[in-house]
Each structure stands twice: as C-alpha cells, then as structure tokens.
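# Tertiary structure, described
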Amino acid sequence: MTRFANAFAKGPALVCFITAGDGDTASNLDALVAGGADVIELGMPFTDPMADGPAIQEANLRALARGTRTADIFRIATEFRQRHPNVPLVLMGYANPMTIRGPEWFADECAKAGVDGVICVDIPSEEDAELGPALREKGVSLIRLATPTTDAARLPAVLNGSSGFLYYVSVAGITGMQQAAQGSIEEAVARLKAASDIPVAVGFGVRTPEQAAAIAKVADGVVVGSAFVEIVKQHGDSAPGPLQDYTASLAEAVHSARINA
Amino acid sequence: MTVQSPNSLRSYPDESGHFGQFGGRYVAETLMPLILDLEKEYRAARQDPAFQAQFDDLLKTFVGRPSPLYPAPRVTEHFRKLAPKGKGPKIYFKREDLNHTGAHKINNCIGQILLAMRMGKTKIIAETGAGQHGVATATVAARFGLPCTIFMGAKDVERQKPNVFRMKLLGAEVMPVTSGAETLKDAMNEALRHWVANVHDTFYIIGTAAGPHPYPELVRDFQSVIGTETRAQMLEAEGRLPDMLVAAVGGGSNAIGMFHPFLDDPEVAMVGIEAGGHGVDTDKHAASLTGGKPGILHGNKTYLLQDEDGQITEAHSISAGLDYPGLGPEHSWLHEAGRVRYVPITDSEALEAFQLCCALEGIIPALESAHALAALPQLTAEMDEDKLLVVNVSGRGDKDIFTVAEALGVEL
C-alpha cells in the first residue's frame, strides 16, 4: 500500500500546507505531524505565485528573501522522509521552478527525496507532457486540481494520469480567501467521487475546526494552508508550538468524522 | 489555429496553441474552461463577417485607421550620410503614433472588447505597466459602457500619474498592486488572481501577444492590421515589398502585428529590438531573448529572465512599455527558427534616437519606438541605398517627456 493509500484508509485525512524556507521549516513540519497531520504539502516558493492570496504570496517572498533554493527544498524533503517514514509528502508549486532543469531531473529528485506526489498549479491536463510522464515514470503521483469550473466534459481529462488524491479547489479564486458553501462542496464531492476511485480532498478558505469537520463528513480529506502560513508569519521561529496546537484542533475535528461516519 | 500548411510560417500556433515548443496554456484549472471557451468564440468570430465588419469600422471611424506610411526624408538623408558610399536605404515610418490614444495598443483593445461582448461578459479587467494599455482598455470600455478595472503596480501608479488620471477620466477604476516589485509583472499576477475569482462575468483584455493560448494568436491577429496596411501602402508607394521591417519588442504585439503578414515573404528581413537597459552584460535590462532562457510564466512558455532555479528576475528598461522579463511566445519561436533577428538597444542609445527623431522629423516617438529607431545606425550601414526599410513607430512620446527630461538632467 502506498503512503497515500494508508493515510486515507482510516477515514478522512487532514492535509496541511506550509511554505518551504519560511521559518524553521523542519521544526514546523515536525509540529504538523505531532499535531496529527495525515498528509503534508510543502510549498515550493516562486517569485510569481499567481494562484495564491496575500498570506501565501508573502510566505513565498519571505522564503525567497531568506535565500531558499530548490536544493534546500529537496534537502528539507529528504530529512523529513528520514524522520517520518510513513507520512505522505507532497510538493506544491508552480511550473517554472519544477521544469527549469527538465521534468526528468525534477521527477528524479522527488523520487530520491521520498516525495510521494506533486501538485503543479499551472500545468493543466492539456500541458501534461511538461511534467506528468516524467513523474509517472518515477512512481511519483501527479495530484491534479478540480475546481467549480471543471465540468463533466473536462473531468475525465483531469482524472486521466492523476493519482494519490484529487484536490478539489472549492472556490473559484485564490488561496486563503472565502470558503465555499457546504452545499456546493457536498454536491461537487459526490460528482467527483462518482467519476473516480482516488480520494477527494477539499481545500481553499478552510480555517476553523467546524469548517473542517463539516467537510470531513463528505470528503476524504481536508486541506488547510493559509491559516498555517499565517501562524508561521506571526510566530516566526517559535511557530512550532502554536502550529502543533492548531493542527491538533483541526485533526480532532477531521478525525471525529471517522467515528461518527 | 490557422489552417496548417507545412511550408508556411504564418500557420501557427498549432491546434494545442503551441509555436514549436513555445506558447501553450499554462493556467490554473479554474481558468481552463474559460480559455477553451474563448478559443471557441474567437474561431466563430473570425468566421463571422459581421464581427470583422464591426472591427474594421471601429478601426476606421474610432481609431483613425489606416495610419500613414510616412517616407522620412531627413532621417533617410541623415543615415545615408553616415553610411559607407552607396549604403543607406530609404526609410519609412509606420505611424501607429497617430492612432487614437497614441499607440498601436488600441487595435487589440477594440478586437478584445468586441469578443467580450460576444461572450456575454459584463466586466473588463486589464493590467498595465506605463499605463498605455490601461488607457486604451479604459477607452474602449467607456466607448461600450462596460465597467473596467485596471491593475497597475503601485510604483507605476506613482511614476505615471498622467495616465492614471486619464484612466480615471475614462471611468476606469485603477487598482494599485503592492505585491512583488510593484510593476507590470505584479500587475499581471494580480489581474490573473482577480480573473480566477470572477471568471463567470469578467473578460481579461491582455495587452500584448502573450499569455495563455489563444491570447498570443488573437492579439497578433488584431494587430496584424499594421503589417497588412504596410504591405498595401508600400506596394502603392514603391510598387514592391519592403526589404526590412524594424520594430521594438516588449511583449511584442506591435512587432508581431507588423511582421506576421510578411513572414512568408523571404525577401523581407525582420529585426526585433529588445530593451538592453544598462547593457545586456549587466543585471539591468529587459532583453529576454538575448539574456534569458525558455521557461513558463503567465500562461505561456517563452524566453524569460530568470535564475537557475527558475525564479523570475526583475527587468529594467527606461521604457516602461518594454520593462517586462518575458515576451510573446511567437517571438521566441521566430527567434529559434531564425526568421527574425533580435537585437538589444540600451537606454542611452534609445534616448539619443528619441532626440534625433524629434529634431529631424518633427515626430516625438514613444521611448519604445525610439528603441527601434536606435537600431538604424547599424542596420542602415549594411543596406544599399535602393533598399526600403520600415520602422514601426508604435506610439507617440508625449507620455515619456518627463522620463526623458529626467534622464537628460533637465528640470521641467
């Protein structure tokens, strides 16, 4: 069984995002795991994060201002894998830093570092050749995004070649802004699950344990990002404590859906 | 996609929106359905005689087309004197500076707003650097009564106050963008962020022949009126095609509009002028072809200024319209195919050409166009005097007089 399959097998999973190089990333990642994160998304900073809201934009620029390089991100990933052999690790970012040395190079580095999956915001299924074949060749999952604008006609193309889980972006917009209505999430998840066997995780605008619990009742996973990144911004090097506490509150809410299901 | 003919350079992009390895549709999934929709609607519009007729009529009655092809006698004489004996071609200017709003930008804005209305979109957004595309967009939005929001880097808002006021007079809302370096690249990021959250009712009028497919194609097609007119005007004036076309390349829409109708005429040479800033051997320039390498940004694959990790680096040019770290994908492809030669020109060379054009022809060119004019010393020295050379004077320089005065140390 893959790490992804394990993480989603127990019931709804909590997926936690922070930006690599923003603060003491290794300690922050450990705090997320200690708090009960089931899957980790590690953001690769980019100068032009055009799908992100202010919180993650600023985290990208803070990370780059501290001199974070692609090599540092793979070092963080490699060390994370040594400390946490069973927690799935996903790299999330933009096409240019992922493809600049060639997709094969990137896929190879992911495989060597123990990265389980990759989310690339600006490579839709139409441009799959840019990264998808290289990742699949190395056994790294390509995790695609589905959105409220992904209609039934497009969905098969989005699912084709994707694995690990499907990330449902619940609002047409950027990260960290408003949350979608619960009704629309339920409807969308039902539609996605009818079309696919892979787990469906829902994100964008999720901040409170209550929101997370409501989503966990209908989806296989809940993704939280901007809220973590804001804690890192606020607490700097002393972020691990608050991160762990916040993760624990979300994890309890998400995992309680397992028992009540 | 135009009809594919294997021997034609004019038949690109291919069905998937690529020019060779360049172009494409590198956007977030939320935008993909809209981009596909736009492509479909654009194909239908191209086939619709009523769309074309409305576009042509507005170019004539609102923009003031055709723009003249002007034989520039004193500039021709000037460079003939400097050139070796028997060299120094006859120089023509394509006068896009005489268009309504003072530049070629309006051609594209007319075409895109007609598409927006055809698609039932009720709100218009655009990005702008110096404000020229913002003014052109605000102009067409006012003409058709659609609300319009212009994203502009906060630094540019400060630097380009007259254009900010123009946009406001035209009824547009100007949103200062405070992320990143607060210039054109950041304005484009912010416009994309706004668009992704408002795809249902909002049309994004991109200002240059770049961005996700089909933008590079449709912007080029709308701007091709420049080259199509030049061709007819030159045939009428001289009875033959020009020997060389010269145009400045920022995003590259005035250049591709001028070049595209001539791509299959091998006897017509083409030179694109990049902004060399302080020099392409410094870190302060905007010459993406000379100093960059292929990468993915803002929806397309093209040459970009970037570091080895693929982080985008800041561009610099004295001309705000050329101050962008990439360029349209068709230029990247024409560069690699060897069909168009791309040459960098520095800030100071452009400043010199700016003054020369004012003094010799009574025309104040935009700093963008001054880059094209600045290539004349080297280009004319190589060409026989019976040859014909056309410079695309893409815009007028009234907007640039403050920048030029400052660069020359003149207090206004």
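As the structure is a computational prediction, the values presented were derived from the model and not from experiment. (Residues numbered from 1 in each chain as written. Chains lettered and ligands numbered in written order. Predicted model: local features only at pLDDT ≥ 70, side-chain atom pairs only at ≥ 80, totals over all residues.)

### Some words on the overall build of chain A
The helix and strand tally for chain A stands at 12 helices and nine strands. For chain A, whose C-alpha radius of gyration is 17 Å, the value lies close to the compact-globule estimate of 18 Å for 261 residues. Taken along its principal axes, the extent of the C-alpha atoms in chain A is 45 × 40 × 35 Å. Across the 261 residues in chain A, those meeting the buried criterion constitute 58%. Counting only contacts in chain A whose residues sit at least 6 apart along the sequence, the fraction spanning at least 24 positions is 75%. (Helix = DSSP H or I, 4+ residues; strand = E, 2+ residues; numbered from the N terminus. Rg over C-alpha atoms; globule rule 2.2 N^0.38 Å. Buried ≥ 20, exposed ≤ 12 C-beta atoms within 10 Å, placed from the backbone. Contact = placed C-beta atoms within 7 Å.)

### Looking at the domain arrangement of chain B
Residue and element names in this part refer to chain B. What the domain assignment reports for chain B is domain 1 (18-61 + 105-219) and domain 2 (64-102 + 224-407). With centres defined by C-alpha atoms, the gap from domain 1 to domain 2 works out at 23 Å. Contacts between the two partners involve 38 residues from domain 1 and, on the opposite side, 34 residues from domain 2. Counting residues per element, the ones that place at least two in the side of domain 1 that touches domain 2 are β2 (22-26), α2 (49-63), α4 (105-118), α5 (132-144), α7 (161-169), α8 (184-197) and α9 (215-223). Per-element accounting of the side of domain 1 that touches domain 2 gives the leading share, five residues, to β2. (Domains from an automatic or database assignment.)

### Considerations on the UniProt feature "active site" (unreviewed entry) in chain A
Residue and element names in this part refer to chain A. Sites flagged by UniProt as "active site" (unreviewed entry) map to Glu41 and Asp52. Tracing the backbone through its elements, the reader meets Glu41 in strand β2 (residues 39-43). With respect to the helices and strands, Asp52 occurs in the loop between β2 and α3 (54-65). Look at Asp52 and you get buried, because 26 C-beta atoms sit within 10 Å. Once you skip the residues sitting within four places of it in the chain, Asp52 turns out to touch Gln57, Ile174 and Thr175. (UniProt positions renumbered as here; feature names shortened; annotations may be inferred.)

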